[in-house]
Amino acid sequence: MNEEGRYIYGIIQTNEKKSFCSIGLNDPKKEVYAVPHQDISAVISDSPIIAYHSMTKDRVVKDLFCHQWVIEKVMKNHTIVPMKFGTFVEKEEEVLEILKNGYKQFREALNLISNKIELDVVALWNKEIIFKEIAEEREIKELKERIASNPADPQLNDRIKLGRMVEKSLKNKNLEYAEEILSALKEEAFDFCTHDTLDNTMILNSSFLLDRNREKDFDKKLNELDEKYNKKINFRYVGPLPPYGFSTIEVKKWQFEDIDKARRLLGLGEEITPAEIKSAHRKLVFKYHPDKNPEGIPLDKEFNELTQAYKLLLEYCQSDL
């Protein structure tokens, strides 16, 4: 049986103790409510603590959907900075400690996204139209005609060359059109960020942060682009959403045993600075690096442990939470 804890959905600006809905994570009857500290609050619900890395994909997707549903419901009346999916603490006192220690960062994040929404836009080629257009390019058309004129003796190199030419042309078009679309849409946005495209038929995959009152202007601009490209490009538009791409919080719980073990592994005292961590790591890495070992004794394990200890301590020292 999982230990009972608290699940955190996000941070809002209010000092009221209030209830939002009764569809908390893992139990549709669980209340979602606000825990305030000064003028900010954490949106939470009671929930068993779950290790999602050991759960089935279906279970993770189900809880992720609930996480997003709650955030979007709260978003209707509040600016909310989403918490990273899967953020659990054991007690409500820990929630208050997080609010207290992270107060400055939470206020800055809330100010940044106050009265703003996220809109996600994906632009995809109409495959039939774009590949027909590429096929009419002079060099590609001539090579295709040469290959077609001698079907009894197909030249493998020519076919490979043709494939590369088509790929290059599509890549160049992706860059050209992505820049053009982005340039038009970002005029209506406060900020934007781009994401990886899934394949070469996806031109653009971007998120835009904009004021709520600019949503109609953004819609108009997107419709103008849709008409301009006349079915050559298909747009997929999702939103309004909470600003997942611009201000999602991740809270880490530091375990004393892990920090202490890392400190002792690097030979450091109880009070340490980032400079001391880096200095100790450099000295030990030189000693344990596999390339510096003349006797051939495997030191990969020691080297990796030092690297992990270094990263953990440095992140811990530089964390404000």
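Structure: see above.
Given the structure is predicted, the values throughout are model-derived calculations rather than measurements.

**Quick look at the nonpolar core**
At step 1: One finds Ile 181, Ile 233 and Phe 235 to be the most contacted residues of the largest nonpolar core, which totals 48 residues.
At step 2: Here this core takes nine residues from helix α6 (residues 156–185), the largest share from any one element.
At step 3: Once residues lying within four places of it in the same chain are set aside, the contact partners of Phe 235 are Val 121, Val 122, Ala 123, Ile 181, Leu 222, Leu 225, Asp 226 and Tyr 229.
At step 4: Ile 11, Met 83, Val 89 and Ala 109 belong to the second-largest nonpolar core, a separate cluster that totals 20 residues.

**What to know about the pattern of salt bridges**
At step 1: A full pass over the atoms with the stated rule returns 15 salt bridges.
At step 2: Ionic pairing is found between Lys 221 and Glu 187, a salt bridge with its closest N-O pair at 3.7 Å. Here Lys 221 is found in helix α7 (residues 215–229), whereas its partner Glu 187 is found in the loop between α6 and β8 (191–194), with 34 residues between them in sequence.
At step 3: With relative accessibility at 18%, the residue Lys 221 sits in the buried group.
At step 4: Of the residues examined, Glu 187 reaches a relative accessible area of 54% and is grouped as exposed.
At step 5: The network of salt bridges with common partners includes Glu 133, Glu 137, Lys 173 and Lys 232.

**Description of the packing of aromatic side chains**
At step 1: Across all of its chains, the model carries ten aromatic pairs by this definition.
At step 2: Judged by centre distance (4.7 Å) and plane angle (35°), the ring pair of Tyr 52 and Phe 85 falls under tilted. Separated by 33 residues along the polypeptide, Tyr 52 in the loop between β4 (40–48) and α1 (57–75) and Phe 85 in the loop between β5 (80–82) and β6 (88–89) bring together distant segments of the chain.
At step 3: Using a relative accessible area of 13% as the deciding quantity, one classes Tyr 52 as buried.
At step 4: The exposure class of Phe 85 is partly exposed, given its relative accessible area of 23%.
At step 5: Within the aromatic cluster, the residues linked to one another by ring pairs are Tyr 7, Tyr 9, Tyr 52, Phe 85 and Phe 88.
At step 6: Over the face of the ring belonging to Phe 190 we find Lys 116, whose NZ or CZ atom lies 4.4 Å from the ring centre.

**Notes on the packing of helix α2 (residues 92–101) against helix α3 (residues 103–113)**
At step 1: As a packed pair, α2 and α3 sit with axes 4 Å apart at the nearest point and diverge in direction by 70°. Overall, the two elements α2 and α3 adopt an arrangement that is roughly perpendicular. Taken together, the residues of α3 that come into contact with α2 (itself represented by Ile 98, Leu 99, Lys 100 and Asn 101) are Tyr 103, Gln 105 and Phe 106.

**Considering the sheet that holds strand β9 (residues 202–211)**
Paired through backbone hydrogen bonds, the strands of a sheet run either parallel or antiparallel to each other.
At step 1: Reading across the sheet, the four strands line up as β8-β9-β7-β10 and stay open at both edges, with antiparallel pairing between neighbours. The sheet is open, and its two edges are formed by β8 and β10 (233–241), each paired on a single side. With direction set aside, neighbouring strand axes in the sheet form an average angle of 20°.
At step 2: Here strand β7 (residues 116–125) pairs with β10 via seven bridges, running antiparallel. Looking across to β10, one finds that Val 121 is bridged to Tyr 237.

**Comments concerning empty space enclosed by the protein**
At step 1: Counted according to the given criterion, the structure contains one cavity of 30 Å³ or more.
At step 2: By volume, the largest cavity is sized at about 30 Å³.
At step 3: In this structure, the largest cavity is lined by Met 75, His 78, Thr 79, Ile 80, Ile 113, Lys 116, Arg 212, Pro 242 and Pro 243.
At step 4: A per-class count over the lining of the largest cavity returns five nonpolar, two polar and two charged.

Procedures and definitions
- Residues numbered from 1 in each chain as written.
- Predicted model: local features only at pLDDT ≥ 70, side-chain atom pairs only at ≥ 80, totals over all residues.
- Heavy atoms only, no water.
- Core = buried A, V, L, I, M, F, W, Y, C linked by side-chain atoms within 4.5 Å.
- Buried < 20%, exposed > 50% of the residue type's maximum accessible area, 1.4 Å probe, protein only.
- Helix = DSSP H or I, 4+ residues; strand = E, 2+ residues; numbered from the N terminus.
- Contact = heavy atoms within 4.5 Å.
- Salt bridge = Lys/Arg side-chain N within 4 Å of Asp/Glu carboxyl O.
- Phe/Tyr/Trp six-rings, centres within 6.5 Å; stacked < 30°, edge-to-face > 60°.
- Lys NZ or Arg CZ within 6 Å of the ring centre and 35° of its normal.
- Axes fitted to C-alpha atoms, helices over the stretch in contact; angles between N-to-C directions.
- Parallel < 35°, antiparallel > 145°, perpendicular 65-115°, else oblique.
- Pairing = 2+ DSSP bridges.
- 1 Å grid on protein atoms, 1.4 Å probe; cavity = no way out; pocket = protein on both sides within 12 Å on 5 of 7 lines; lining within 4 Å.
- Points joined across faces, edges and corners; volume = space filled by probe spheres on them.
- Nonpolar A, V, L, I, M, F, W, Y, C, P; charged D, E, K, R; others polar.

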